[in-house]
Amino acid sequence: MPTRLTASLTLPVIGSPMFIVSGPELVIAQCQAGIIGAFPALNARPAEALREWLQQVTQTLAEYDQHHPEQPSAPFAVNQIVHPTNDRLAHDVALCAEFKVPLVITSLHAPNQVVEQVHAYGGLVFHDVTTLRHAKKAVDAGVDGLILVCHGAGGHAGRLNPFAFVAEVRRFYDGPLVLAGAITQGEQIVAAQAAYKQMVLDAAAGDIVYTNLFTGVHGNYLRQSIEQAGLDPDALPEGDKSAMRYGSGDSSKAKAWRDIWGAGQGVGSISTLNSVADEIATLRQDYQQALDHLRRL
């Protein structure tokens, strides 16, 4: 992992950029607690709100760093949907360049143009991939790291076991890798809206439904949210990938995402509601204990 990203980390963790849920307050809390905080650019609506979010994050973290020089905040990331239907992409990437966002996480399409723009101001690009084909395309586009979205991850998840995925990717790529899905307590780091929190607390891995109905791309979603939307999670029709739309449009797919909640299979291990700082402190303690045990072995 590039030193400029890891120098101030207390854990090698990136907070998941969750659609609708992740915003400036959560990102700031994550960065101050020592992990990379992240939010999707499309969470800032309307598009003009993204400038306000970036100002809030950068200014708050800069003030925090002035008062905590011994342990400054971690960098933050913005997730960009690179799909051709995202009519906000050029606007949002330009703002990331203006505010010199340290890390841009791209997804759903080869990020060639975004890589060029982010590298021009000295930022880094990590790309979400669910298959080896996607991974190779991202490497060819010049990304700085890959996020392997494995089986059990929330949202647009893949179907590969993380260990098998890493082994295959390492045959052609030796750069930074980030794992998402089916990993220890990674999904427990973040906090969410009250209704979503309780749904996650009540859920188990068996409550995750893998479907392409809502966006045209297969993803993992909470069974309870599908039922609350009046749908039968065991009898969902196939989705239409050509109907995907990202950006400022108010399509039916976007409306569905307000009610259908993505989640990973790690929800089964979540049983309490804690602050971001407390969750990361617990994760840090468990991480250190595991490292110490491994060294003894």
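Residues numbered from 1 in each chain as written. Predicted model: local features only at pLDDT ≥ 70, side-chain atom pairs only at ≥ 80, totals over all residues. Heavy atoms only, no water.

**Observations concerning the overall build of the protein chain**
Along the protein chain, the regular secondary structure elements total 11 helices and 8 strands. With 297 residues in all, the protein chain has 48% of them scored as buried. Taking the contacts inside the protein chain whose residues are at least 6 apart along the sequence as the reference set, 65% of them involve residues at least 24 apart. (Helix = DSSP H or I, 4+ residues; strand = E, 2+ residues; numbered from the N terminus. Buried < 20%, exposed > 50% of the residue type's maximum accessible area, 1.4 Å probe, protein only. Contact = heavy atoms within 4.5 Å.)

**Concerning the side chain of T106**
In this structure, T106 sits in strand β3 (residues 103-107). T106 sits in the buried class, given a relative accessible area of 0%. When neighbours within four sequence positions are excluded, T106 is seen to be in contact with N79, Q80, V82, P111, V114, V125, F126, H127 and D128.

**Focus: the confidence of the model for the protein chain**
With 74% of its residues at a pLDDT of at least 70, the protein chain reaches an overall mean of 80. Confidence, expressed as mean pLDDT per element, reaches its minimum in the protein chain at helix α8 (residues 194-202) with 47 and its maximum at helix α3 (residues 49-67) with 98. Residue range residues 182-197 is modelled with pLDDT below 50. Its contacts to residues more than four positions away, or to other chains, number 37 contacts. This model gives residues 250-254 a pLDDT under 50, and the stretch forms 6 contacts once residues within four places in sequence are excluded. (pLDDT = per-residue confidence, 0-100.)

**Details of unusual backbone geometry**
Negative phi values dominate among residues other than glycine, just as trans dominates among peptide bonds. A cis amide bond links R45 with the next residue in sequence, P46, at an omega value of 0 degrees. For P46, the location among the structural elements is in the loop between β1 (37-40) and α3. Located in the positive-phi region is I20, a residue other than glycine, with phi close to 70 degrees. Position of I20 among the secondary structure elements: in the loop between α1 (3-6) and α2 (24-33). Judged by its relative accessible area of 29%, I20 is partly exposed. You will see that L108, though not glycine, has its phi angle at about 75 degrees, which is positive. Along the polypeptide, L108 turns up in the loop between β3 and α5 (112-120).

**Some thoughts on the environment of T60**
Along the chain, the position of T60 falls in helix α3. Along the primary structure T60 and Q32 are separated by 28 residues, whereas in three dimensions their C-alpha atoms are 9.8 Å apart.

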